[in-house]
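These are the residues of each chain, in order.
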Amino acid sequence: MGLYQRWRRLRLQGLQACRLHTAVVSTPPRWLAERLGLFEELWSAQVKRLASIAQKEPRTIKISLPGGQKIDAVAWNTTPYQLARQISSTLADTAVAAQVNGEPYDLERPLETDSDLRFLTFDSPEGKAVSFFLIRNAVTTKPRDIIAGNSNILFFCLSFSISPWLMPVIPALWEARRVDHLRSVVQDQPGQHGEPPYSDLPFLYPPLQAEYARRGFSEVKTPTLFSTKLWEQSGHWEHYQEDMFAVQPSGSDRPASSQSDDSTRHTTDILALKPMNCPAHCLMFAHRPRSWRELPLATSRLWALHRAEASGGLGGLTRLRCFQQDDAHIFCTTDRWPFPLEAEIQSCLDFLPFFGFLLPPGTVHRPSGFLGDLALGTRPEQVSRKNTWDLNSGDRCHSMDLKIDVHLHDALGRPHQCGTIQLDFQLPLRFDLQYKGQAGALERPVLIHRAVLGSVERLLGVLAESCGGKWPLWLSPFQVVVIPVGTEQEEYAREAQQSLRAAGLVSDLDADSGLTLSRRIRRAQLAHYNFQFVVGQKEQSKRTVNIRTRDNRRLGEWDLPEAVQRLVELQNMRVPNAEEIF
């Protein structure tokens, strides 16, 4: 009898307590039949291999059971399941795994030597732990990995949802599903078909640009495609080539001229989409002589970057192949380099609380395989010891001498790396960057890489899950909707909408006469509009609006100019609870 057929006969205790029942499916679906067929094929091969070993090394072993009982078994032949059948059919049907010499052991794996054997059921803490481990790993296990000691994986995948001990986990799973950013973002914007939503969130850019401008950054523009010659010079092609998209222009496959060798043709013909902006910003720094009076020189670019992420590493908005990053670089003098770094760390921490995140201590990284002089690499550690940063030498970053990451925690407490600040002595060397110092001699600058938000898409995904789709007013794509009671008030409603838009607020109009007023209000609340401005005959005559929140709190009647001004104040304050303090 196949393993699947035997597993179908198992009866787990506690089903009635969960008020759940099993049903026999005579014909499994096609996808399940294919997987079962592959499983049986691999299992048969495993049985033949073990039988061959047993024939070559036939010997009797002693198995000690709880209570002092000992049973004879055949090495490489007898399984814990077979011994469980000898003891009791009930034990064989309820055991989920075995414990051999204190270690978890598969029921169908033959015993190899003298052992202490114990059977684990769902009633034991060890049995629950083993079961949960198998369930968690089953979702990432490839079919051909099942045979390597995880023969119970299919059984647990089919039965875990009816186990009583999983009941406490269900609320957390539902909460994670409820706040999933793909649900809250994609459902709110059905026309995007899963594309990043920031194209419909233009209000996110003014505060970002204002913050960078206030801190002295100049926004620059650089090409999306560069010759691989640039990436070879920066060192990215050697260390990062597999994570870059390379393209070959049309017509570049024609025979090279007699004056061009293969290496010239290689660097000329192949282009690569930029995964970061730092080499381009180095070129901008080097395009003319620089003086110490110009430093620190801060450049920034909020635009698309491309990285060839593995398909298995992609995840919603948190990891994409094309994403926008607030990529900035600061070129500073060597005599003042610790101070700009400390200032940028504090600047990063000052900026992120605007989004309502809790910021744990950061981590300082000096990669184990970094490039450059060890003496230069140890200088940044002096900065970390003056701050509350932990040193981690295992992070992979091919050219950075110091790397500080900021991890944000979402509503479920899960950490996400967003901001990063990196100190770099190597790229100025590779690009031979120089400036004239106060004494008139040429000196080499220090480069600080800075991304406060990291990937804008990742930040939006974390934000969406943190607020459960109910965006704070200053970040919301659905700030206000104006709802006229009847067609007579539609003209005044449009006037109110224009007043909101003139003040820089996102506003819509719902004048659908085919729906009742209550249904339009309910539709606005389900769409998570922060505020609804309802205007009827009385409001029209008095030039007022009747305000409600998305949680159906009635704020009463307000003069239109005063209501608009209050919303502008709340938006500029960036408060997370504008509906409560309006």
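You'll find the structure just up there.
Just so we're clear, the structure is a prediction, and the values are computed from it rather than from any experiment.

## Let's talk about the sheet that holds strand S23 (residues 554-559)
Pairing between sheet strands relies on hydrogen bonds along the backbone, with the strands arranged either parallel or antiparallel.
Line of reasoning, step 1. Pairing in this open sheet of five strands is mixed, and the strands run S20-S19-S21-S22-S23 from one edge to the other. Edge positions in the sheet fall to strand S20 (507-509) and S23, since each of these pairs with one other strand and no more. If you compare each strand with its neighbour and ignore which way they point, the axes differ by 25° on average.
Line of reasoning, step 2. Sheet topology places strand S22 (residues 544-549) next to S23; five bridges connect them, and they run antiparallel. Following the sheet pairing, Arg548 is matched in S23 by Arg554.
Line of reasoning, step 3. Against the sheet, helix H19 (residues 490-502) makes contact with strand S19 (480-484), S20, strand S21 (531-535) and S22, and its axis sits at roughly 165° relative to S20, the strand it touches most.
Line of reasoning, step 4. Strands in contact with helix H22 (residues 560-573) are S19, S21, S22 and S23; relative to S23, the strand with the most contacts, it is inclined by about 120°.

## Details of the pairing of strand S18 (residues 446-451)
Line of reasoning, step 1. Within S18, six of the six residues are buried, leaving the element largely enclosed by the surrounding structure.
Line of reasoning, step 2. Of the two faces of S18, the one holding Val446, Ile448 and Arg450 and the one holding Leu447, His449 and Ala451 are both buried throughout.
Line of reasoning, step 3. Judged from the five bridges that link them, strand S11 (residues 322-332) and S18 form a sheet pairing that is antiparallel. Following the sheet pairing, Ile330 is matched in S18 by Ile448.
Line of reasoning, step 4. In the sheet, strand S15 (residues 415-424) pairs with S18 via five bridges, with the strands oriented antiparallel. Note that in S18 the partner of Thr420 across the bridge is Ala451.

## Points about the pattern of salt bridges
Line of reasoning, step 1. Summed over the entire model, instances satisfying the criterion amount to 16 salt bridges.
Line of reasoning, step 2. A salt bridge links Arg288 to Glu294; the shortest N-O distance between them is 2.8 Å.
Line of reasoning, step 3. Look at Glu294 and you get partly exposed, because its relative accessible area is 25%.
Line of reasoning, step 4. Two residues, Asp512 and Arg523, come together in a salt bridge whose shortest N-O distance is 3.8 Å. Residue Asp512 is found in the loop between S20 and helix H20 (517-526), and its partner Arg523 is found in helix H20; the two are separated by eleven residues along the sequence.

## Here we look at the nonpolar core
Line of reasoning, step 1. In terms of nonpolar packing, the biggest core is built from 30 residues, with Phe217, Leu423, Ile448, Leu463 and Trp471 touching the most fellow members.
Line of reasoning, step 2. Where this core is concerned, the elements lending two or more residues are helix H9 (205-214), strand S10 (297-306), S11, strand S14 (402-409), S15, S18 and helix H18 (456-467).
Line of reasoning, step 3. Ranked by residue count, the leading element in this core is H18, at five residues.
Line of reasoning, step 4. Apart from residues lying up to four places away in sequence, Phe217 is in contact with Tyr212, Ala298, Thr299, Ser300, Ala328, His329, Ile330, Glu344 and Arg450.
Line of reasoning, step 5. Judged by nonpolar contacts, the second largest core, of 22 residues, contains Val535, Val545, Ala563 and Val564.

Thresholds applied
- Residues numbered from 1 in each chain as written.
- Predicted model: local features only at pLDDT ≥ 70, side-chain atom pairs only at ≥ 80, totals over all residues.
- Heavy atoms only, no water.
- Pairing = 2+ DSSP bridges.
- Helix = DSSP H or I, 4+ residues; strand = E, 2+ residues; numbered from the N terminus.
- Axes fitted to C-alpha atoms, helices over the stretch in contact; angles between N-to-C directions.
- Contact = heavy atoms within 4.5 Å.
- Buried < 20%, exposed > 50% of the residue type's maximum accessible area, 1.4 Å probe, protein only.
- Salt bridge = Lys/Arg side-chain N within 4 Å of Asp/Glu carboxyl O.
- Core = buried A, V, L, I, M, F, W, Y, C linked by side-chain atoms within 4.5 Å.

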